[in-house]
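One letter stands for each residue in the lines below.
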Amino acid sequence: MKRLSILGATGSIGHSVRTLLADAPGLYEVEAVAGGRDVAALAETARALNARFAAIADPAAGRALAEALAGSGIASGAGPSALIEAAQREADVVVSAIVGVAGLAPTVAAFAPGRRIALANKECLVAAGAFFMAEAARQGTEILPVDSEHNAIFQALEAGPRKAVEKITLTASGGPFRLRSREEIARAVPKDALKHPNWSMGAKITIDSATLMNKGLELIEAMHLFALPPERFDAVVHPESVVHGLVSFVDGSVTAGLAMPDMCVPIAHCLAFPDRIVTSCRRLDLVALGRLTFEAPDEGRFPALALARAAMAAEGVAATILNAANEVAVAAYLEGRIGFYGITDTVAATLDRINGGPAPASVADAMEADAQARRAAAVLLPKFSAKAS
């Protein structure tokens, strides 16, 4: 039986992994689980999965976690060093689902010859993509994408050689404000932005979906994952969220990855690859669905996509800055300190203030650039506070 570790075990990805492990008993035994601050949820997950080790990111929560696991035989730890230990314990597959740039160091620490990383943390590639992919290749680590769009592309690329790929297209649902005017969007409060029409996700990624920054970040991810120049990537709005990605070949043919909007589908692919497992994932019924629609994204109402495209083309440290400033701005929006468009205004202003630099060549480089961008974004936030609802 193979061993599995789950970094970000208490989030939505972690819950989907649990569902799949229940669908396929005997597929994996769980080596380690890691979470952020929710001691009760992490302890319950560790017990339910019979994990050998549990790590909580909050250094102050170590005693509480140990007490919650008392009598279980499950070892535990707290703080950054515990996350690294969870990442480095013996495992065949490590699911990387820690939210934000905080997931970069543990994910890189998980690299090992012959190991698979099921990557659900987009910031690893956005903040340090060139380094991340080069280091994975150097250590002989396999990277499989968990994001539904990138997983669909990964599967669709099997239809032909990479040199025959003309274009890769990612789809976006359009989020909760797809049909709203710019004026209506400007007045949107967090509870409105958190009402995603198709997906059940964490707060940060749901806000990113509402601004379309999520799609911009995914374009940057795709550039690193699939090693093609930025001009070969595109995005379209697809409200049904059934077609997740398309690959266009030079002969005019197009392959696409389709599935219901259910993260269990791409996670199952990553856990079983190159095999397939029987799951309880929702099945796609095209007749019941009736139709699939597509439209161009409106970068006037959703400027985040243009900001991400510009960072993608600029290369260097631009994407690292974009990501860090966005995390700061989304947190401020969720706290009611800025308005909806204050998110992209803050990101744009931060990119203007920090003038370029080389792409990170290490985790330390990425974290330093991230910290610099966060400081700059925090200084700039008050400029946009008047827009808060």
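Residues numbered from 1 in each chain as written. Predicted model: local features only at pLDDT ≥ 70, side-chain atom pairs only at ≥ 80, totals over all residues. Heavy atoms only, no water.

1. Considerations on the sheet that holds strand β8 (residues 165–172)
Turning to step 1, where the next piece is worked out: Spatial ordering of the open sheet is given by β9-β8-β10-β11, a layout of four strands whose pairing is mixed. The two strands at the open ends of the sheet, each matched to only one other strand, are β9 (233–237) and β11 (254–258). In this sheet, neighbouring strand axes are inclined to one another by 20° on average, regardless of whether the strands run parallel or antiparallel.
Turning to step 2, where the next piece is worked out: Across five bridges, β8 lies against strand β10 (residues 243–249) in antiparallel orientation. By the bridge assignment, T169 is partnered in β10 with L246. (Pairing = 2+ DSSP bridges. Helix = DSSP H or I, 4+ residues; strand = E, 2+ residues; numbered from the N terminus. Axes fitted to C-alpha atoms, helices over the stretch in contact; angles between N-to-C directions.)

2. Side note on the sheet that holds strand β1 (residues 2–7)
Turning to step 1, where the next piece is worked out: Within the open sheet, the seven strands sit side by side as β4-β3-β2-β1-β5-β6-β7. Their pairing is parallel. For this open sheet the edge positions go to β4 (75–78) and β7 (142–145), each flanked by a neighbour on one side alone. Pairwise comparison of adjacent strand axes, ignoring direction, gives a mean angle of 20° for this sheet.
Turning to step 2, where the next piece is worked out: Where strand β2 (residues 28–35) meets strand β3 (residues 53–56), four bridges bridge the pair, whose relative direction is parallel. Counterpart to A34 in the pairing with β3 is A55.
Turning to step 3, where the next piece is worked out: Helix α2 (residues 39–49) contacts β1, β2 and β3 of the sheet and is inclined by roughly 175° relative to β2. (Contact = heavy atoms within 4.5 Å.)

3. Some thoughts on the UniProt feature "domain: 1-deoxy-D-xylulose 5-phosphate reductoisomerase N-terminal" (unreviewed entry) in the protein chain
Turning to step 1, where the next piece is worked out: As annotated in UniProt, the feature "domain: 1-deoxy-D-xylulose 5-phosphate reductoisomerase N-terminal" (unreviewed entry) corresponds to residues 4–129 in the numbering used here.
Turning to step 2, where the next piece is worked out: Taken end to end, residues 4–129 comprises 41% helix and 22% strand; its first and last C-alpha atoms sit 24 Å apart. (UniProt positions renumbered as here; feature names shortened; annotations may be inferred.)

4. Some thoughts on the nonpolar core
Turning to step 1, where the next piece is worked out: By size, the foremost hydrophobic cluster in this structure holds 91 residues, and its most contacted members are F132, I168, F233 and L322.
Turning to step 2, where the next piece is worked out: In terms of residue count, the dominant contributor to this core is helix α15 (residues 318–334) (eleven residues).
Turning to step 3, where the next piece is worked out: Non-local contacts of I168, meaning those with residues more than four positions away in its chain, are made with I153, F226, L228, R232, F233, D234, L246 and V247.
Turning to step 4, where the next piece is worked out: Of all hydrophobic cores here, the second largest spans 37 residues; its members include A9, V30, L65 and C281. (Core = buried A, V, L, I, M, F, W, Y, C linked by side-chain atoms within 4.5 Å. Buried < 20%, exposed > 50% of the residue type's maximum accessible area, 1.4 Å probe, protein only.)

5. Observations concerning the pairing of β10
Turning to step 1, where the next piece is worked out: Within β10, seven of the seven residues are buried, leaving the element largely enclosed by the surrounding structure.
Turning to step 2, where the next piece is worked out: Strand direction decides the pairing type here: β10 and β11, joined by five bridges, are antiparallel. What sits directly across from V247, in β11, is T255.
Turning to step 3, where the next piece is worked out: As consecutive antiparallel partners, β10 and β11 are separated by four residues, and within that stretch G252 has a phi angle of approximately 95°, a positive value.

6. Quick notes on the domain arrangement of the protein chain
Turning to step 1, where the next piece is worked out: Once the domains are mapped, the protein chain shows domain 1 (2–145), domain 2 (150–299) and domain 3 (315–380).
Turning to step 2, where the next piece is worked out: For domain 1 and domain 3, the distance between their C-alpha centroids amounts to 26 Å.
Turning to step 3, where the next piece is worked out: Counting residues at the interface gives ten residues for domain 1, matched by twelve residues for domain 3.
Turning to step 4, where the next piece is worked out: Viewed at the interface, domain 3 and domain 1 are joined by two residue pairs in polar contact (both at pLDDT 80 or more).
Turning to step 5, where the next piece is worked out: Listed by contribution, the elements that provide at least two residues to the side of domain 1 that touches domain 3 are α5 (104–109) and α6 (123–139).
Turning to step 6, where the next piece is worked out: In terms of residues, the side of domain 1 that touches domain 3 owes the most to one element, α6, which gives five residues.
Turning to step 7, where the next piece is worked out: Taken together, the residues that form the side of domain 1 that touches domain 3 break down as eight nonpolar, one polar and one charged. (Domains from an automatic or database assignment. Polar contact = N/O pair within 3.5 Å; in protein donor to acceptor, adjacent residues only side chain to side chain. Nonpolar A, V, L, I, M, F, W, Y, C, P; charged D, E, K, R; others polar.)

7. What to know about α2
Turning to step 1, where the next piece is worked out: Along α2, the positions that sit buried rather than exposed are V39, L42, A43, T45, A46 and L49. The arc that holds the buried residues of α2, viewed along the axis, is 160°, so those residues lie on one side.
Turning to step 2, where the next piece is worked out: Each element contacted by the buried residues of α2 is listed here: β1, α1 (12–23), β2, β3 and α3 (62–68).
Turning to step 3, where the next piece is worked out: N-capping of α2 is provided by D38, with a side-chain oxygen placed 3.4 Å from the backbone N of A40.
Turning to step 4, where the next piece is worked out: Just downstream of α2, N50 is the residue with a positive phi angle, here 55°. (Arc of directions from axis to C-beta.)

8. Side note on the pattern of salt bridges
Turning to step 1, where the next piece is worked out: Tallying each qualifying case throughout the model produces 22 salt bridges.
Turning to step 2, where the next piece is worked out: Close ionic contact of D298 with R301 constitutes a salt bridge, the shortest N to O distance being 2.9 Å.
Turning to step 3, where the next piece is worked out: One salt-bridge network, in which partners are shared between bridges, spans R3, E29, E31, R52, E85 and R89. (Salt bridge = Lys/Arg side-chain N within 4 Å of Asp/Glu carboxyl O.)

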